[in-house]
Amino acid sequence: MEEIIIHYIGEALYASMGFALGYAIRMLKKKREKDDLEQEALCALVRDRLLHKIEKCLDGGFCSQEMRDNINHMFDIYTRLGGNGTIPPLVERVMELPMKSPEVTK
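J.: What is the right way to read the overall build of the protein from this model?
T.: Of the regular secondary structure elements, the protein holds three helices and zero strands. For 106 residues, the compact-globule estimate of 2.2 N^0.38 gives 13 Å, and the C-alpha radius of gyration of the protein, at 28 Å, exceeds that figure by more than 25%. A principal-axis box enclosing the C-alpha atoms of the protein has dimensions of 100 × 20 × 15 Å. Here the protein holds 106 residues, and 21% of them are scored as buried. The long-range fraction of contacts in the protein, counting pairs at least 24 apart against all pairs at least 6 apart in sequence, stands at 72%. Accessible surface, the protein as shown: approximately 8,400 Å² in total, 61% of it carbon and sulfur. Charge separation in the protein, taken as the distance between the mean sites of 15 positive and 17 negative side-chain charges, equals 8 Å.

J.: What is the right way to read the pattern of salt bridges from this model?
T.: Proximity of charged atoms lets side chains of opposite charge pair with each other. Per the counting criterion, the structure on display carries four salt bridges. Across the pair Arg32 and Asp36 runs a salt bridge whose closest N-O atoms are separated by 3.8 Å. Residue Arg32 and its partner Asp36 are located together in helix α1 (residues 2–60), separated by four residues, close to a single helical turn. Taking relative accessible area as the criterion, Arg32 reaches 57% and is therefore assigned exposed. With its nearest N and O atoms 3.4 Å apart, the salt bridge here joins Lys34 to Glu38. Taken as a pair, Lys34 and Glu38 lie in helix α1 at a separation of four residues, close to a single helical turn.

J.: I keep staring at the environment of Gly82 and nothing clicks. Help me out?
T.: Along the chain, Gly82 falls in the loop between α2 (65–80) and α3 (87–95). On a C-alpha basis, the gap between Gly82 and Cys43 in space is 7.4 Å, while along the polypeptide they are 39 residues apart.

J.: Can you help me understand a nonpolar patch on the surface in this one?
T.: A cluster of nonpolar side chains, Met1, Ile5, Ile9 and Leu13, forms an exposed patch at the surface whose accessible area comes to about 450 Å². Note on placement: Leu13 falls in helix α1.

J.: Even after reading the chapter, I still don't get the packing of α1 against α3, so can you show me in this structure?
T.: To describe two helices that pack against each other, one gives the angle between their axes and the distance between the axes. Their axes nearest at 10 Å, the elements α1 and α3 cross at an angle of 35°. For the crossing formed where α1 meets α3, the hand is left-handed. Only Ile87, Leu90, Val91, Arg93 and Val94 of α3 make contact with α1, whose side of the interface consists of Arg47, Leu50, Leu51, Ile54, Cys57 and Leu58. Tallied by class, residues from the contact of α1 with α3 come to nine nonpolar, no polar and two charged.

Calculation notes
Residues numbered from 1 in each chain as written. Predicted model: local features only at pLDDT ≥ 70, side-chain atom pairs only at ≥ 80, totals over all residues. Heavy atoms only, no water. Helix = DSSP H or I, 4+ residues; strand = E, 2+ residues; numbered from the N terminus. Rg over C-alpha atoms; globule rule 2.2 N^0.38 Å. Buried < 20%, exposed > 50% of the residue type's maximum accessible area, 1.4 Å probe, protein only. Contact = heavy atoms within 4.5 Å. Areas by Shrake-Rupley, 256 points an atom, 1.4 Å probe, with all protein chains shown as cover. Lys, Arg positive; Asp, Glu negative; His and termini not counted. Charge placed at Lys NZ, Arg CZ, Asp CG, Glu CD. Salt bridge = Lys/Arg side-chain N within 4 Å of Asp/Glu carboxyl O. Patch = residues over 30% accessible without salt bridge, like charges linked within 9 Å, V, L, I, M, F, W, Y side chains within 5 Å. Axes fitted to C-alpha atoms, helices over the stretch in contact; angles between N-to-C directions. Left-handed = near helix turned anticlockwise from the far one by under 90°. Nonpolar A, V, L, I, M, F, W, Y, C, P; charged D, E, K, R; others polar.

All we've got here are geometric facts, nothing functional implied.
Here it is as structure tokens:
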């Protein structure tokens, strides 16, 4: 009788471990999906702010040193997050702009 009880306890423990492992794997997959979505969202936000700063410089016709540093820093973060696309040529165009406003230049 004890052998039967021990056998069923072993089976129950084996099944419980299988359920626990399946649950843990499912939770890890959900966390991974959430992390991927958060990274995509962060990349989109950095891209939006980067484009805003680039447009501001291009519209003004100049780009200060502080703005250049900020754009370069944000662009570095953007590329490390996996961003690409139309941003590199825009960053190059901004870096070719003069550092001072054309109206201020004498």
